[in-house]
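These are the residues of each chain, in order.
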Amino acid sequence: MSKAPVIVWFRNDLRVADHPALSAAAATGAPVVALYVLDDVSAGRWVYGAASRWWLHGSLEALGRDVAALGGSLVLRRGAALEVVPALAAEIGAEAVYCSRAYEPWAAALERDLNARLEPRGVALRRFAGRLLHEPEAIRTQSGEPYRVYTPFWRAVLAAGQPRRPLPTPSRLAPLAKMPASERLADWRLTPSKPDWAGGLRAAWMPGEAGARRRLATILDRHIARYHEQRDVPSIEATSRLSPHLAFGEISPASVWHAARALEAREPGMARGVEVFLKELAWREFSAHL
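About the thresholds
- Here, residues in each chain are numbered from 1, in the same order as that chain's written sequence.
- Only residues with pLDDT of at least 70 are given local features in this predicted model, and only at 80 or more are side-chain atom pairs given and counted; all residues enter the totals for whole chains, interfaces and linings.
- Side-chain calculation: all heavy atoms of the structure are included, whereas hydrogens and water are not.
- Only protein atoms enter the 1 Å grid used here, on which a cavity is any set of points holding a 1.4 Å probe that cannot leave and a pocket is any open set flanked by protein within 12 Å on both sides along at least five of seven lines; residues with an atom within 4 Å of a point are listed as lining.
- Grid points are joined across faces, edges and corners, and a volume is the space filled by probe spheres set on the points.
- Counting from the N terminus, the helices are the DSSP runs of H or I reaching at least four residues and the strands are the DSSP runs of E reaching at least two.
- Three residue categories are used. Nonpolar comprises Ala, Val, Leu, Ile, Met, Phe, Trp, Tyr, Cys and Pro, charged comprises Asp, Glu, Lys and Arg, and polar comprises the others, including Gly.
- Every axis in this analysis is a line fitted to C-alpha atoms, fitted for helices over the stretch in contact. Angles between the N-to-C directions lie between 0 and 180 degrees.
- Helix crossings get a hand from a simple test, with the near helix turned counterclockwise from the far one by less than a right angle marking a left-handed crossing and a clockwise turn marking a right-handed one.
- Residues are treated as being in contact if the distance between any of their heavy atoms lies within 4.5 Å.
- In this analysis, strands are considered paired if DSSP registers two or more bridges between them.

Trainee: Any chance you could explain the layout of surface pockets here in plain terms?
Mentor: The gaps left among the atoms become clear once a water-sized probe is rolled over them. Taken as a whole, the largest pocket spans an internal volume of roughly 980 Å³. Forming the boundary of the largest pocket are 40 residues, of which Asn12, Glu104, Trp106, Ala107 and Arg131 lie nearest the centre. Those elements that place two or more of their residues in the lining of the largest pocket are β1 (6-10), β2 (32-38), α4 (105-118), α9 (243-247) and α11 (271-289). By residue class, the composition of the lining of the largest pocket is 26 nonpolar, five polar and nine charged. Taken as a whole, the second largest pocket spans an internal volume of roughly 230 Å³. Considering the residues around the second largest pocket, the lining is formed by 14 residues, among which Tyr227, Ser240, Ser243, Glu280 and Leu281 are closest to the centre. Breaking the lining of the second largest pocket down by element, the ones donating at least two residues are α9 and α11. Per element, the largest residue contribution to the lining of the second largest pocket is four residues, and it comes from α11. Taken together, the residues that form the lining of the second largest pocket break down as six nonpolar, three polar and five charged.

Trainee: I keep staring at the packing of helix α3 (residues 81-92) against α4 and nothing clicks. Help me out?
Mentor: When two helices pack together, their arrangement is given by the angle between the helix axes and by the axis-to-axis distance. Running from N to C, α3 and α4 cross one another at 35°; their axes reach a closest spacing of 10 Å. When the axes of α3 and α4 are compared, the crossing they make is right-handed. Residues Ala81, Leu82, Glu83, Val85 and Pro86 of α3 form the contact with α4, whose participating residues are Leu110, Asp113, Leu114, Arg117 and Leu118. Within the contact of α3 with α4, the residues separate by chemical class into seven nonpolar, no polar and three charged.

Trainee: How do you make sense of the sheet that holds β2 when you look at a structure like this?
Mentor: Within a beta sheet, neighbouring strands are joined by backbone hydrogen bonds and run either parallel or antiparallel to one another. Strand order in the open sheet formed by five strands is β3-β2-β1-β4-β5, with parallel pairing between adjacent strands. A single partner strand is all that each edge strand has here, and the edge strands are β3 (74-78) and β5 (124-128). Within this sheet the neighbouring strands show an average axis-to-axis angle of 30°, counted without direction. The pairing of β2 with β3 spans five bridges and is classified as parallel. For Leu35, the partnering residue across the bridge sits in β3 and is Val75. Where α3 meets the sheet, its contacts fall on β1, β2, β3 and β4 (96-100), and the angle it forms with β2 comes to roughly 155°. In the packing of α4 onto the sheet, the strands contacted are β1, β4 and β5, and the crossing angle to β5 comes to about 150°.

So, in structure tokens, the structure goes:
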């Protein structure tokens, strides 16, 4: 008897390496349907602006190629996720929806509402960690509250030990015999036409997982030794430029952390630059925990 399919609902986690939800879905042996929903409803005033939509286009192009290389296919749908995800689950007879946990208040509310829609239909919503080094519940003050001052927060992060080890890319995604229809990315018109103001973005950035890993390699290979001295000097290209890659989830913070620690272990003289670099990564974490 064939297994019912599993939907992996991609959000701000547009990668295939170190993706706990994707890895868990692949491990079931069930057919996996990768889904991205362009939801301009749920986010309210946090809906993507023009530059972010340009980035999203490139990131989804890259993700589509990466999913295809694993034997799968990325399904694109537009609309309110609260409507689109249950509709697709019913269309393909999915038994579960896997996703990465979100932390923004509106996104967390969406997860609760979506679970309320899916559960009565016999479809499980399973959330996985992956967007942070540590889940917010794991880093608390003695009174059980989130830290509100960064330095004690950083000490608590160090005291918590190393983040989890990054997961490898799944070797294969089991395909569904008949894949559901997908919208065309080009029809979403995420990139500018006339005037084309995105030339500078194209020259400076490479959206997607490969671009994220290239940026990480650049900062570790060229800039980490003096990162603590040069990161605040505007005339020097010494920052990581990883922020948009992390924001779209094209690389996980755990991957960044362990790559930096591995460099430090090989080259102890890099320790000061690595420490300051990881403290900058932890500022992102601090914001999410708050």
